[in-house]
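Reading the structure
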Amino acid sequence: EPEVTQTPSHQVTQMGQEVILRCVPISNHLYFYWYRQILGQKVEFLVSFYNNEISEKSEIFDDQFSVERPDGSNFTLKIRSTKLEDSAMYFCASMADRASNYGYTFGSGTRLTVV
Amino acid sequence: EDQVTQSPEALRLQEGESSSLNCSYTVSGLRGLFWYRQDPGKGPEFLFTLYSAGEEKEKERLKATLTKKESFLHITAPKPEDSATYLCAVRTSGAGSYQLTFGKGTKLSVIP
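In this report, the structure presented in the accompanying data block is examined. The structure presented is a predicted model; accordingly, all values stated were derived computationally and were not measured.

**Description of the overall build of chain A**
Secondary structure summary: chain A contains zero helices and 11 strands in total. In chain A, the succession of α and β elements from N to C terminus is β-β-β-β-β-β-β-β-β-β-β. Taking contacts inside chain A between residues at least 6 apart in sequence as the whole, the part at least 24 apart equals 54%. Chain A carries 10 positive and 14 negative side-chain charges, and their two centres are separated by 3 Å.

**Re the pattern of salt bridges**
Taken as a whole and judged by the stated rule, the model has five salt bridges over all chains. Between R36 of chain A and E44 of chain A there is a salt bridge; the shortest N-O distance is 3.2 Å.

**A few points about the sheet that holds strand β8 (residues 75–79) of chain A**
Hydrogen bonds along the backbone pair up the strands of a sheet, which may run parallel or antiparallel. All names here are of chain A. In space, the four strands of this open sheet follow the order β1-β3-β8-β7, with antiparallel pairing throughout. Of all strands in the sheet, those with a lone pairing partner are β1 (5–7) and β7 (65–68), marking the two edges. Within this sheet the neighbouring strands show an average axis-to-axis angle of 20°, counted without direction. Note: β1 against strand β3 (residues 19–24), three bridges, orientation antiparallel.

**A closer look at the state of the cysteines**
All told, the structure shown has two disulfides over all chains when counted by the stated rule. The disulfide partner of C23 of chain A is C92 of chain A, and the gap between their sulfur atoms is 2.0 Å. Measuring the twist about the S-S bond at about -65°, one finds the C23 of chain A-C92 of chain A disulfide to be left-handed. Here C23 of chain A, found in strand β3, pairs with C92 of chain A, found in strand β9 (residues 88–95); they are 69 residues apart in sequence, far enough to count as distant. Taken as a pair, C23 of chain A and C92 of chain A share a single burial class, namely buried. Between C23 of chain B and C88 of chain B runs a disulfide, and the two sulfur atoms are separated by 1.9 Å. Taking the sign of the torsion about the S-S bond as the criterion, the disulfide between C23 of chain B and C88 of chain B, at about -60°, is left-handed.

**Thoughts on the packing of aromatic side chains**
Within the structure shown, the criterion is met by 17 aromatic pairs over all chains. Note on Y31 of chain A and Y50 of chain A: the rings are 4.4 Å apart at their centroids and 10° apart in plane angle, and the pair reads as stacked. Linking Y31 of chain A in strand β4 (residues 31–37) with Y50 of chain A in strand β5 (residues 43–50), this pair joins segments that are 19 residues apart in sequence. What makes Y31 of chain A buried here is its relative accessible area of 10%. Here the aromatic rings of Y36 of chain B and F46 of chain B are separated by 6.0 Å at their centres, their planes lie at 80°, and the arrangement is edge-to-face. With Y36 of chain B in strand β4 (residues 30–38) and F46 of chain B in strand β5 (residues 45–50), this residue pair connects regions lying 10 residues apart in the sequence. Within the aromatic cluster, the residues linked to one another by ring pairs are Y33, Y35, F45, F91, Y104 and F106 of chain A together with F34, Y36, F46 and F102 of chain B.

**Some thoughts on the side chain of Q6 of chain B**
All names here are of chain B. Its place among the elements puts Q6 in strand β1 (residues 3–7). Within the structure, Q6 has its side chain in polar contact with the backbone nitrogen of C88 (distance 2.9 Å). When near neighbours in sequence (up to four residues on either side) are disregarded, Q6 contacts N22, C23, W35, Y86, L87, C88, G103, K104, G105 and T106.

**Some thoughts on unusual backbone geometry**
The omega angle of the peptide bond from T7 of chain A to P8 of chain A is -15°, so this bond is cis rather than trans. With respect to the secondary-structure elements, P8 of chain A resides in the loop between β1 and β2 (10–13). Residue P8 of chain B follows S7 of chain B across a cis peptide bond; omega there is -10°. Phi is positive for E60 of chain B, which is not a glycine, with a value near 55°. With respect to the helices and strands, the residue E60 of chain B is situated in the loop between β6 (56–59) and β7 (62–66). Relative accessible area serves as the criterion here: at 71%, E60 of chain B is assigned to the exposed category. Backbone geometry places A77 of chain B, a non-glycine residue, at a positive phi of 45°. With respect to the helices and strands, the residue A77 of chain B is situated in the loop between β8 (70–75) and β9 (84–92). In this structure A77 of chain B comes out as partly exposed when scored by relative accessible area, which is 36%.

Cut-offs used in this document
Here the residue numbers are simple positions, counted from 1 along each chain's written sequence. Here every chain gets a letter starting at A, and every ligand a number starting at 1, in the order they are written. The model is predicted, so local features are restricted to residues of pLDDT at least 70 and side-chain atom pairs to those at 80 or more, both for listing and for counting; the totals for chains, interfaces and linings are taken over all residues. The side-chain quantities take in all heavy atoms of the structure and omit both hydrogens and water. Secondary structure follows DSSP: runs of H or I at least 4 residues long count as helices, runs of E at least 2 residues long count as strands, and numbering of each begins at the N terminus. Residue contacts follow a heavy-atom distance rule, with two residues in contact if any of their heavy atoms lie within 4.5 Å. Charged-residue counts in this description rest on Lys and Arg as positive and Asp and Glu as negative, His and the chain ends being excluded. Where a charge lies is defined by one atom per residue type, namely NZ (Lys), CZ (Arg), CG (Asp) and CD (Glu). Put simply, a salt bridge is a Lys or Arg side-chain nitrogen that is within 4 Å of an Asp or Glu carboxyl oxygen. The rule for pairing is simple: two strands pair if DSSP sees at least two bridges between them. Here an angle of 0 to 180 degrees is reported between the N-to-C directions of two axes, which are lines fitted to C-alpha atoms, with helices fitted over the stretch in contact. To count as a disulfide, a pair of cysteine sulfur atoms needs to be within 2.5 Å. Here's how the labels work: a residue is buried when its accessible area is under 20% of the maximum for its type, exposed when over 50%, partly exposed in between, all with a 1.4 Å probe on protein chains only. Each Phe, Tyr or Trp ring (for Trp, its six-membered ring) is paired with any other whose centre lies within 6.5 Å, and the angle between the two planes then decides the class: stacked below 30 degrees, edge-to-face above 60, tilted in between. Pairs of N or O atoms within 3.5 Å make up the polar contacts considered here, provided that, within protein, one atom can donate a hydrogen while the other can accept it, and that residues adjacent in sequence are counted only when both atoms are side-chain atoms.

Right under this line is the structure:
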């Protein structure tokens, strides 16, 4: 069964450092997303990406965040200067098309710990 | 602002003891209500999509139903492997990107 692959599964970084979280969406999917989940809290939308550009972003997704699809297969989330409050599980998701009845397919996540 | 509230926050059941999880929502034009299962340290796994009041979907021991204000996830004769957090999410009209708004989830524990 096709799946969304995220690497690394766990990343520890120093406050102020840049991190890049990587995702390989399902190959024929067109819509890509990043969500995050702080421990014990809701899954929260960060950003959506379609046709090589951001289509929507939340208030969380400020200038410290950026996304890229550099080579047609990978989809990355960069946090320029990490803060303690960026510690969370980050989930990548993809969807075939907007009419899909299956919502998103999520990856298993990257646990980011900022120390 | 779209809101999704799930109850109870946690539920402990004996194996075989049927029950229901609730998801109530306040949105400006529902374009789909989704149920996901999330195991510890994993991403949400898709279960069902419901679009209109009165709709029902079933999968093994799970059945999801939808009204104009809430959705229920019924679990019939649960087994320990059904233990997980069940998430409800909504997609609303006007969101161009298919953004989902999630509830906090119900953590289900099924005791053998």
